[in-house]
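# Descriptive structure summary
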Amino acid sequence: MENLKLTDDNFQMKSIRPVYDSKTPTDVYVDLFVTSITDVNEKAQSISTQVIFEALWNNEFIEWKQEDFCQTSKISLKKDTIWIPDIVIAESIKTEFANVENPYVKMNSDGSVYMYETLTLSSACKMDLINFPFDVQTCNLTIHSPMHSSDELTLNPWSDSLFLTSSSQNAFQTQGEWELLSINTSISHVSSLGYYEDQLIYKITLKRRPLLYVITFISPVFCFLVLDLASYFIDAGGGEKLSFKVTLLLSMSVLLLILNDKLPSTANEVPWIGVYCSLIFILIGISILETILVNFLMARGEQILRSQAPIDSTSAVTDAVMNSDENPAERRCLYWTRAARIVDIIAVILYIITIMVFLPIMYYAWFMASVT
Amino acid sequence: MENLKLTDDNFQMKSIRPVYDSKTPTDVYVDLFVTSITDVNEKAQSISTQVIFEALWNNEFIEWKQEDFCQTSKISLKKDTIWIPDIVIAESIKTEFANVENPYVKMNSDGSVYMYETLTLSSACKMDLINFPFDVQTCNLTIHSPMHSSDELTLNPWSDSLFLTSSSQNAFQTQGEWELLSINTSISHVSSLGYYEDQLIYKITLKRRPLLYVITFISPVFCFLVLDLASYFIDAGGGEKLSFKVTLLLSMSVLLLILNDKLPSTANEVPWIGVYCSLIFILIGISILETILVNFLMARGEQILRSQAPIDSTSAVTDAVMNSDENPAERRCLYWTRAARIVDIIAVILYIITIMVFLPIMYYAWFMASVT
Amino acid sequence: MENLKLTDDNFQMKSIRPVYDSKTPTDVYVDLFVTSITDVNEKAQSISTQVIFEALWNNEFIEWKQEDFCQTSKISLKKDTIWIPDIVIAESIKTEFANVENPYVKMNSDGSVYMYETLTLSSACKMDLINFPFDVQTCNLTIHSPMHSSDELTLNPWSDSLFLTSSSQNAFQTQGEWELLSINTSISHVSSLGYYEDQLIYKITLKRRPLLYVITFISPVFCFLVLDLASYFIDAGGGEKLSFKVTLLLSMSVLLLILNDKLPSTANEVPWIGVYCSLIFILIGISILETILVNFLMARGEQILRSQAPIDSTSAVTDAVMNSDENPAERRCLYWTRAARIVDIIAVILYIITIMVFLPIMYYAWFMASVT
Amino acid sequence: MENLKLTDDNFQMKSIRPVYDSKTPTDVYVDLFVTSITDVNEKAQSISTQVIFEALWNNEFIEWKQEDFCQTSKISLKKDTIWIPDIVIAESIKTEFANVENPYVKMNSDGSVYMYETLTLSSACKMDLINFPFDVQTCNLTIHSPMHSSDELTLNPWSDSLFLTSSSQNAFQTQGEWELLSINTSISHVSSLGYYEDQLIYKITLKRRPLLYVITFISPVFCFLVLDLASYFIDAGGGEKLSFKVTLLLSMSVLLLILNDKLPSTANEVPWIGVYCSLIFILIGISILETILVNFLMARGEQILRSQAPIDSTSAVTDAVMNSDENPAERRCLYWTRAARIVDIIAVILYIITIMVFLPIMYYAWFMASVT
Amino acid sequence: MENLKLTDDNFQMKSIRPVYDSKTPTDVYVDLFVTSITDVNEKAQSISTQVIFEALWNNEFIEWKQEDFCQTSKISLKKDTIWIPDIVIAESIKTEFANVENPYVKMNSDGSVYMYETLTLSSACKMDLINFPFDVQTCNLTIHSPMHSSDELTLNPWSDSLFLTSSSQNAFQTQGEWELLSINTSISHVSSLGYYEDQLIYKITLKRRPLLYVITFISPVFCFLVLDLASYFIDAGGGEKLSFKVTLLLSMSVLLLILNDKLPSTANEVPWIGVYCSLIFILIGISILETILVNFLMARGEQILRSQAPIDSTSAVTDAVMNSDENPAERRCLYWTRAARIVDIIAVILYIITIMVFLPIMYYAWFMASVT
């Protein structure tokens, strides 16, 4: 074994890129499988994944003939005894070994070295939450070598995108909030400080499963909208209409607690779910104002009638019904009542138009955008 | 001791698989006991366990006669002085030593090496939450050697499944949300990149204890359903029916906060608890709509009567009772009132049918599925 | 110093148990003080403590005469230069050095070695939450050596339980949710894989301080029970009784959010706090049903009376009072009203009996159990 | 450089306390600045701080003449090449380097060694929450050497308390929930296991900024108290009084969610905020009971009147007004009504007295205690 | 390679600052790019960022002629084989390598050494939350060498502020709650313990995106204010006004839960959002008090009228209308009613004035301050 110059103290073996001519680049073949997504944090704009990272490169310093070493075609070596390329993920916030660090690499008799790691990766990912919770996110994992230019180290994808996607989907150990749509690979040469660098970009596309948000937020809010609309048919007189509507508003406040939990304060543009929630909150608010106005108009009418009433029989006053005798007070009262009714009808029509216009627009913008 | 070639710097001892003929596989006997489950995270689809991991294998390089070493049959050695197999758990997201890393392995005079570790393991686990909280989850722990093919390293279960299950259940230090049902072992040979790899799969079956969810969510929601159904017997006239029902809806919104806390947005299919909650929310919503409709119909009837009333005596109008004099206004009023009553009765019947049909179906699908 | 064979590279010094005859066991004297409890996680069934761990054992390899070394009776040595026993805590989920790891051990001229560590320990602990929040928990810390049998390494308590308890209580730096009642030590010899192992078990008994739970949960819930009971004296007619009771139910839903936060879904048996909460929730629910029934019966009575009324004077109908003229309609009405009253009285009696029976039972089971 | 015996392998340099005569103690001068408080966890009774730790001691083994080494008066050395005192913080739960560990110490030509570390420290701290949120906490950081007695290592404060406090306050990088009042230093010699140990105690005094708690908890609760008191002036008849009061109680339940979030279940004595909250909760509860009683008494009175009414004219019954004709029924009715009124007045007086007595007492105990 | 004296054991190479004359300072050129902000914790007053840290300095010990080494102009070396400057970030609470630590530095033939690290940095930052959520925060990252004075090590910015800002904004991988406005660099020489130290200060200016807070807190609270104001037009008589207003107060309590979540208890001055919330809470509270007062006055009036009523015809009493017959009771009644009306009007006017004065002031102080 010492023939292979592998000892603990071999400085050259450990520190120097294993090429005899420093102008020869080391070709590194890389594969990255996503085996589970454990967290997508919209607030921190980060994604936590478990990935399998495989790399293969050539070590020119080591080579042996199988015949000389009892037909041994491959051996496992401790990592810290040879040179390992410094390949990192640019977006990484934290990279940890998913297991205790694998101490070995595999070396074949032709000098090729194979490395296999399961990594737990937390990486930054720019997310657009405008269609939340019907959103599709694309996160990049950019593999590069910070210390070696492309003259020294080239990065090549080992497998193609299709195989990566299907393997990742097969290996996918979790069935969580996110569905893995695809993994695409692309290579780019980036100029940085006067030299070129190889970058291997894995574009991971994920689709959120919106079920919980529909159940606990969108459909209850929609339910409140329907009930608020229906409340126009509640008799305005008894006070229960107002109490009904303000309870709906209170329920909306409770649901705001959920929205507050779910939606991060991130977007520059207003996300649709915020528009949806605000619009319905404000619609209910305005319809309460309208109810107060109508009630006020009707109370005004009755008051005029009543202040005139003593002239009539007291029993008629009792119920404030509309007498057919055409005195001026009653006529004025009728004006008020009619005004109230007209306000009511206009409000309902405007309400329905708003909903009619808004909901389909939102439907297209929100749901459709996520489908295409 | 130096006879055994054990020194700090012995490269061969530390890095090379301890067989004289590289074609001989190293047989590793493995045991894995689950001693506690500290967390099951449905959102991250991960499970945190404390496991005891034991491994036994043969080191051909070391062997001694007890007579030569003062009858010493076994010695404890520092781990970093000899070769240790690179056995990892494929699903692991994070593996940590539960204690400070055990620095020793035990070596017997016949060359067999025994390793014992208590590990704190966080591993990915595909969970199906359709029956939540009456669900049973099965998590796999796949033990394999990423660097060695089955020609080089074979993995064998040391104990059988029955012993593992009973030992784990005995050693189980916690009495948390999850009950350990069984641990099953299976071996598989998996082809990967042209060579075969040994995999030892531990299938851990867990059953959730649903108590808290029943107390804080399922039974209160059911309680609201019963109260909503009972509210059909509240006199529609006074406005308290509507206020009663909308308060139930508000209480449902509060409970949505709990559902939101508990249920991760994971399933492709709608979990039963979501169906249950949505159905009852919508039932209460529809019954409110129905109440508004009935009130509207009755108010209409009264209004017709009242608008005709001035012809009659004012005192009769006062209470809008049904006079027996059969004028057309009253007849129309009766039509409205009857329509209201019919709507009411049909609604109750539909309501009860919905519940009668739905609840048993859910009972079978939800509870039964988890029992079998 | 080199006379003592202490150099960095001395393999024997670092790796081999320091006895000349491998049959001599190393006697290790151990002390474990609990200096603070930082977290008790009922959900994970784990407890986080800060402990001081002290160990003393003999190193036969080193011994010196004070005269030869300038009267030096003790020296401090770097830990990694000598053998340290592999003592671990079986229940540990995570053991970390509370400070940066202490790099030294103290060695006396007679060869005895003293080690001192402050550890932050997170360990599994089987908790029984049936009496939550009036519970007393007992957590074990089992000290053993996974690699050495009792022939090789014996574990002995250095101080006795009384001293440990009093020292720990004195050193106790926190005054949190838990009160340290006592620490008991016991030694056991456990057979494992054919050889015996020494185990030193520290039994730590803790008592929860239930104040917050009483203030934010138990007493408000009790308050709602009293108010619900009192609401029987509200006049049933006006609709405010129903609205009062359903608001109580809504308040109970809000408190369920707290219960949901506090109580882990762990117990096999129903914990008393769950029973308490469910019972009061259901009592309020049933009393609402009863109110609806009574209102329905009374409305029925009035309706019969009213439908008969036109025969009488309209003014009498106005208020639906009970006329003394004994027509059959009124008699039927009275039956209904009496039925309502009887239902009401029976309900109150049953209600009070339920409370009278249940509360004392719960008092004994819940509070008393925790006292004894 | 080798003249200074500084090589990687120099065992004596690294492991032995740098004195020629082992009876000479090493004098260590220590400074500890608190530069920010990142977390105070009342539940865990721990405090997280960022501290700068400086130490200076003499190394007798190294000394050089500046002339001999090109006038070099000081050099920076790697830490692991020389002896470093084992100084730890007794209360520490977790000590981490705030930056990547500083690999160097500074050595002067006279042999003095200077060490500088920025540490992120999580330490246990006994907190008394009785005045929460107007509390002042005092946390100790006890610096000692677990392995060296005061014969071997003495600990001395480098700067005085005043300088420490002002430097810390200047360096204070955060303006969070806590205000740093002062840092006091004291030295103590503690006997432990037969020898004396030097302890340097830093007493850190912190004052909480109570603003958020006043805004989100204390003032809303007080607001509810005022409204509940004002509700005595609501006309008891209409049912809105009861509904008003029970809504206040519901709002109190919502605020209990906040209290539950903020207040840890720690104190042996009841903290004032708990007393405050419970008292107001119970006051509102009792005042609801009183309202029910008054309503019941008045309903009783009316009922007596009504049951007698048919003797009178039906129109009088209609409104249940008090007729001046003095029949016995009315007189009994008046008794009931008067009883109701008396109960009401007594209740208001008792209510006001309770508040008058309680609030000033609490003001003194709660706010005053924190000022002095 | 050994010509360059690079071996594992070269003590001088690893530990000594690479200058031949210890009086020559080492000039270090530093760059720091902020590539993402993952968390801003107002409670802990800390900010978590991912930064790219680049440094370049000269190593006088190493130099080679490209001709002698096969035209190799640069090599990558393992970090632990040469001296690395001890540059730290003073505000850092925790610095971690974003990837597995980069093991290499790049060395050019002229002796210049280039280091590149991606760091995950959690640093203390003094935040002023008075304008929350419309706030702009400025966080400093102070780079210095704790062990080297400016005579030994000088720190220089590599790139200028403009380039840093634009590069950081381009590299910015996240689109979270915070927008990066600019990065400014400044150098300062700080005196510390008698010698001068170089400090390179990066001032990072961030602007919060306030959207979520506007949707879930500020606009709903404003909505409640408008509704409360509108409720003055609700007819005071029926009790629904009070119930409406107390439900608004309850909704405010629910929103307090959100405020409690969002706003840390930090500021010395009251932040505007707290002022805003408290003011509206108190305005609603006072308007409830006013409603109770008005109702009380009107009830008083009616009571006087009623107690006089039996003298009149009972039918008149029934509705407590204002008879035109001018008896003293009615006149007193009118006084009360007028008082009620005057109180009502004054209250509305004061209410509107308060809002008119307060809202614009707040608009300037709150929004404007954040713009400029």
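Up top is the structure these notes are about.
For the structure given in this document, a descriptive report is provided here. The numbering scheme is per chain: residues are counted from 1 as the chain's sequence reads. Here the convention is simple: chains get letters from A, ligands get numbers from 1, in the order in which they are written. The predicted origin of the model limits local features to residues at a pLDDT of at least 70 and limits the giving and counting of side-chain atom pairs to 80 or more, whereas totals for whole chains, interfaces and linings rest on all residues. Remark: hydrogens and water are excluded; side-chain values derive from all non-hydrogen atoms of the structure.

### Notes on the relation of the copies chain E and chain D
Relating one copy of the chain to the other takes a rotation about an axis and a shift parallel to that axis. Rules: We place the copies in one frame by least squares, fitting the C-alpha atoms of every residue whose pLDDT is at least 70 in both. Whether two residues touch is decided by their heavy atoms; if any such pair falls within 4.5 Å, the residues are in contact.
Taken as rigid bodies, chain E and chain D are interconverted by a rotation of 72 degrees and an axial shift of 0.0 Å, the fit giving an RMSD of 0.0 Å. Given the turn and translation reported, the copies of this chain are related as if by a five-fold rotation axis. Judged by C-alpha distance, Val254(E) is the residue of chain E that lies nearest the rotation axis, at 5.6 Å. In this assembly the copies use different faces: only 6% of the residues contributing to the interface of chain E also contribute to that of chain D.

### Quick word on the interface of chain E and chain D
So the rule is basically this: Reported buried area values correspond to the accessible surface (1.4 Å probe) lost by two parts on association, with both partners' losses combined. Note on definitions: salt bridges are taken to be side-chain nitrogens of Lys or Arg within 4 Å of carboxyl oxygens of Asp or Glu. Polar contacts here mean pairs of N or O atoms no more than 3.5 Å apart (in protein, one a potential hydrogen donor and the other a potential acceptor; neighbouring residues in sequence count only if both atoms are side-chain atoms). Counting from the N terminus, the helices are DSSP H or I runs at least four residues long and the strands are E runs at least two residues long. Residue polarity follows a fixed list, in which Ala, Val, Leu, Ile, Met, Phe, Trp, Tyr, Cys and Pro are nonpolar, Asp, Glu, Lys and Arg are charged, and the others, Gly among them, are polar.
Chain E puts 67 residues into the contact, and the matching count from chain D is 71 residues. Both faces considered, chain E and chain D share a buried interface measuring about 6000 Å² in area, 62% of it formed by carbon and sulfur atoms. There are 1 salt bridge connecting chain E and chain D. At the boundary of chain E with chain D, the tally comes to 14 residue pairs in polar contact (both at pLDDT 80 or more). Those elements giving two or more residues to the side of chain E that touches chain D turn out to be helix 1 (11–15), strand 4 (88–89), strand 5 (92–97), helix 4 (240–262), helix 5 (272–308) and helix 6 (314–319) of chain E. Among the residues making up the side of chain E that touches chain D, the classes are represented as 37 nonpolar, 19 polar and 11 charged.

### Some thoughts on a nonpolar patch on the surface
Threshold: Each patch is built from salt-bridge-free residues with over 30% relative accessible area, joining like charges within 9 Å and nonpolar side chains (Val, Leu, Ile, Met, Phe, Trp, Tyr) within 5 Å. Residue-level accessible areas treat just the shown protein chains as cover; the underlying method is Shrake-Rupley with a 1.4 Å probe.
Residues Ile345(A), Ile349(A), Ile352(A), Ile353(A), Met356(A), Val357(A) and Ile361(A) make up a contiguous nonpolar surface patch of about 650 Å² in total accessible area. Looking at the element boundaries, Ile352(A) is found in helix 7 (residues 328–371).

### Structural notes on the relation of the copies chain B and chain A
In the superposition of chain B on chain A (RMSD 0.1 Å, axial shift 0.0 Å), the rotation amounts to 72 degrees. Mapped onto chain A, only 7% of the interface residues of chain B are again interface residues, and the two copies thus contact each other with different surfaces.

### Quick look at the state of the cysteines
What counts is decided by this rule: Throughout, disulfides are identified as pairs of cysteine sulfur atoms within 2.5 Å of each other.
Taken as a whole, this structure holds 5 disulfides over all chains when the rule is applied. The disulfide bridge from Cys125(A) ends at Cys139(A), spanning 2.0 Å between sulfur atoms. Classification of the bridge connecting Cys125(A) and Cys139(A) rests on its S-S torsion, roughly -85 degrees, and on that basis the disulfide is left-handed. Pair noted here: Cys125(A) is in the loop between strand 7 (112–124) and strand 8 (136–144) and Cys139(A) is in strand 8, with a separation of 14 residues, a long-range link. The cysteine Cys277(E) is free of any disulfide, with Cys223(D) supplying the nearest cysteine sulfur at 11 Å.

### Let's talk about the packing of aromatic side chains
In plain terms, the rule: Pairing of aromatic rings covers Phe, Tyr and Trp, the last counted by its six-membered ring, and requires centre-to-centre distances within 6.5 Å; plane angles under 30 degrees mean stacked, over 60 mean edge-to-face, and any other angle means tilted. Relative accessibility decides the category of a residue: with a 1.4 Å probe and only protein chains considered, values under 20% of the type maximum give buried, values over 50% give exposed, and everything between is partly exposed.
Applying the stated criterion across every chain yields a total of 55 aromatic pairs over all chains. Pairing Phe224(A) with Phe281(B) gives two aromatic rings, centres 6.0 Å apart and planes at 55 degrees, and the pair type is tilted. Taken as a pair, Phe224(A) in helix 3 (residues 211–230) and Phe281(B) in helix 5 (residues 272–308) lie in two separate chains rather than in one. Per residue, the accessibility class of Phe224(A) equals that of Phe281(B), and both read buried.

### Quick look at the pairing of strand 8 (residues 136–144) of chain B
Residue and element names in this part refer to chain B. For clarity, the threshold we go by: At least two bridges found by DSSP between two strands is the condition for calling them paired.
Where strand 4 (residues 88–89) and strand 8 come together, 2 bridges link them in antiparallel fashion. Bridging from a neighbouring strand, Ile89 pairs with Ile143 of strand 8. Relative to strand 11 (residues 195–208), strand 8 runs antiparallel, the two sharing 9 bridges. Following the sheet pairing, Leu141 is matched in strand 11 by Tyr202.

### Quick notes on the environment of Tyr335(B)
On the secondary structure map, Tyr335(B) appears in helix 7 (residues 328–371). Separated by 246 residues in the primary sequence, Tyr335(B) and Ile89(B) have C-alpha atoms spaced 75 Å apart.

### Considerations on unusual backbone geometry
Cis geometry is adopted by the peptide bond preceding Pro133(A), which originates at Phe132(A) and carries an omega value of 0 degrees. The backbone phi angle of Gln45(B) is positive, close to 50 degrees, even though this residue is not glycine.

### Quick notes on the sheet that holds strand 8 (residues 136–144) of chain C
Residue and element names in this part refer to chain C. Quick note on the threshold: Every angle, taken between N-to-C directions, lies between 0 and 180 degrees, and every axis is a line fitted to C-alpha atoms, over only the stretch in contact when it is a helix.
Within the open sheet, the 4 strands sit side by side as 4-8-11-10. Their pairing is antiparallel. Lying at the two open borders of the sheet, with one neighbouring strand each, are strand 4 (88–89) and strand 10 (178–192). Set on the sheet, helix 2 (residues 161–171) makes contact with strand 10 and strand 11 (195–208); between it and strand 10 the angle comes to about 140 degrees.

### Examining the sheet that holds strand 11 (residues 195–208) of chain E
Residue and element names in this part refer to chain E. The antiparallel open sheet is built from 4 strands, whose spatial order is 4-8-11-10. In the strand order of this sheet, the two ends are held by strand 4 and strand 10 (178–192), each with one partner. Where helix 2 (residues 161–171) meets the sheet, its contacts fall on strand 10 and strand 11, and the angle it forms with strand 10 comes to roughly 140 degrees.

### Description of the interface of chain B and chain A
Of the residues lining the interface, 68 residues belong to chain B; the matching set on chain A comes to 72 residues. Between chain B and chain A the total buried area reaches about 6000 Å² when both faces are included, carbon and sulfur atoms providing 62% of it. For the interface between chain B and chain A, the tally reads 1 salt bridge. For Glu96(A), the salt bridge goes to Lys94(B), with nearest N and O atoms at 2.7 Å. Those elements giving two or more residues to the side of chain B that touches chain A turn out to be helix 1 (11–15), strand 4, strand 5 (92–97), helix 4 (240–262), helix 5 and helix 6 (314–319) of chain B. Considering each element in turn, the side of chain B that touches chain A owes the most residues, 11 residues, to helix 4 of chain B. Classifying every residue of the side of chain B that touches chain A gives 37 nonpolar, 20 polar and 11 charged.

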